[in-house]
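Structural overview
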Amino acid sequence: MIIVSALTFGIGHIVNLINGSGRDLTSTLIQIVFAVMVGFVLVLIFYHGKSLIPCILFHSANNALKVFAAEGSINPQAEMMINLVVSVVVLGGYLFYLVKVFPIKEASSRSSGPNS
């Protein structure tokens, strides 16, 4: 289910190929791949944290930063690298925190069933 959710999140960005976002095909395809990766991390964050709020906040902040970067003088390659670094630091750090605080408990193969 995690992979399906991540792919759905990323493929949802394919609309940028249709709506004329002003980017060339390569940039749009890179954005879709990046969205799949971010979607995967966001699903893991939701899975571990049991809250959609951090995912919504990150996505909103990410979109807001892109709007401000589009109005500034940052070239697209620099914007992409800054976005990648910030995303890895913020999402990776938060996911690391969640995994340490809320570790996944493995299902015990020795259940208290009639055969044990």
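What counts as what
Residues numbered from 1 in each chain as written. Predicted model: local features only at pLDDT ≥ 70, side-chain atom pairs only at ≥ 80, totals over all residues. Heavy atoms only, no water. Helix = DSSP H or I, 4+ residues; strand = E, 2+ residues; numbered from the N terminus. Buried < 20%, exposed > 50% of the residue type's maximum accessible area, 1.4 Å probe, protein only. Contact = heavy atoms within 4.5 Å. Areas by Shrake-Rupley, 256 points an atom, 1.4 Å probe, with all protein chains shown as cover. Phe/Tyr/Trp six-rings, centres within 6.5 Å; stacked < 30°, edge-to-face > 60°. Lys NZ or Arg CZ within 6 Å of the ring centre and 35° of its normal. Expected span 1.5 Å × (residues − 1). Core = buried A, V, L, I, M, F, W, Y, C linked by side-chain atoms within 4.5 Å.

1. Some words on the overall build of the protein chain
For the protein chain, the count of helices and strands is five helices and zero strands. Counting from the amino terminus, the protein chain carries its helices and strands in the arrangement α-α-α-α-α. Considering the protein chain as a whole, with its 116 residues, one finds that 22% of them fall into the buried category. Considering only intrachain contacts with a sequence separation of at least 6, the fraction spanning at least 24 residues in the protein chain is 66%. Summed over all atoms, the accessible surface of the protein chain reaches about 8400 Å², with 71% contributed by carbon and sulfur.

2. A closer look at unusual backbone geometry
Phi is positive for Lys50, which is not a glycine, with a value near 60 degrees. Relative to the assigned elements, Lys50 resides in the loop between helix 3 (25-49) and helix 4 (53-71). We classify Lys50 as exposed; its relative accessible area is 62%.

3. Observations concerning the packing of aromatic side chains
Counted under the stated rule, the structure contains one aromatic pair. Sitting over the ring of Tyr47, Lys50 keeps its end group 4.5 Å from the ring centre.

4. Some details on helix 3
For helix 3, built from 25 residues, the straight-helix expectation of 36 Å at 1.5 Å per residue is met to within 8% by its first-to-last C-alpha distance of 35 Å. Residues of helix 3 that are buried: Thr28, Gln31, Ile32, Phe34, Ala35, Val38, Gly39, Leu42, Val43, Leu44, Ile45 and His48. Among the residues trailing helix 3, Lys50 stands out with phi positive, at a value near 60 degrees.

5. Observations regarding the nonpolar core
Formed by Phe34, Val38, Leu42, Leu44, Ile45, Cys55, Phe58, Leu91, Leu95 and Leu98, the largest nonpolar core amounts to 10 residues. Of all the elements in the fold, those that place two or more residues in this core are helix 3, helix 4 and helix 5 (76-101). Among the elements that line this core, the one with the most residues is helix 3, at five residues. Setting aside anything within four residues of it in sequence, one finds Phe34 in contact with Asn83, Leu84 and Ser87.

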